[in-house]
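Commentary on secondary and tertiary structure
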Amino acid sequence: MTGFEADPKSLRDAADQAKRAAGIVRELDLERVTALSGALTGSESAKTAAELGPYWENSIGVWAKGLDSCAASLTTAATAYRARDGAGELRAQAHHGRRDR
């Protein structure tokens, strides 16, 4: 006994939420941050905005890939727990059937 229970449906729901979040993040238009540098010409903020936009673009790509990986792991775990639960139920039924004879 492991001391905990896993709910495959909850794992699949969490995977779906992670996929949805990754999709939302991928659609963000962070080039606007870079465009701010033109509006802030000559200021320290202009330089920062020009650097920050591309940094954020790269970061959200990495973050979204991480969410995709998390979603895949959650889905794999849900499938494994469901299979294990199913096998356990079959063993219990078989054991119960042998006792009834």
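Right, let's walk through the structure included here. (Residues numbered from 1 in each chain as written. Predicted model: local features only at pLDDT ≥ 70, side-chain atom pairs only at ≥ 80, totals over all residues. Heavy atoms only, no water.)

Bringing the overall build of the chain into the picture now. When you go through the chain residue by residue, the secondary structure sums to three helices and zero strands. Within the chain, the fraction of its 101 residues that count as buried is 17%. Across the chain, every contact between residues at least 6 apart in sequence was considered, and the portion connecting residues at least 24 apart equals 74%. (Helix = DSSP H or I, 4+ residues; strand = E, 2+ residues; numbered from the N terminus. Buried < 20%, exposed > 50% of the residue type's maximum accessible area, 1.4 Å probe, protein only. Contact = heavy atoms within 4.5 Å.)

In summary, soluble globular proteins display a tendency toward joint burial of nonpolar side chains. Grouped together as the largest cluster of nonpolar side chains are nine residues: Leu11, Ala15, Ala18, Ala22, Ala64, Leu67, Ala71, Leu74 and Ala78. Elements supplying a minimum of two residues to this core: helix H1 (8-26) and helix H3 (44-99). No other element matches H3, which puts five residues into this core. Excluding residues within four positions of it along the chain, alanine 64 makes contact with Ala22 and Arg26. (Core = buried A, V, L, I, M, F, W, Y, C linked by side-chain atoms within 4.5 Å.)

Attention now moves to the pattern of salt bridges. Using the criterion set out here, one finds three salt bridges in the structure. Two residues, aspartate 13 and lysine 9, come together in a salt bridge whose shortest N-O distance is 2.9 Å. Of this pair, aspartate 13 and lysine 9 are both found in helix H1, four residues apart, which corresponds to roughly one turn of the helix. (Salt bridge = Lys/Arg side-chain N within 4 Å of Asp/Glu carboxyl O.)

Locating glutamate 31 in the fold gives a position in helix H2 (residues 31-39). A residue is classified by how much of its surface remains accessible, and glutamate 31, at 56% relative accessible area, is exposed. Sequence spacing of glutamate 31 and alanine 50 is 19 residues, and the spatial spacing of their C-alpha atoms is 9.2 Å.

So, about the environment of aspartate 13. For aspartate 13, a relative accessible area of 35% gives the class partly exposed. Residues aspartate 13 and threonine 75, 62 residues apart in the sequence, show an inter-C-alpha distance of 9.0 Å.

Position of leucine 67 among the secondary structure elements: in helix H3. Placed 44 residues apart in sequence, leucine 67 and glycine 23 show a C-alpha to C-alpha distance of 9.5 Å. Leucine 67 has contacts with Ala18, Ala21 and Ala22, leaving out every residue within four places of it along the chain.

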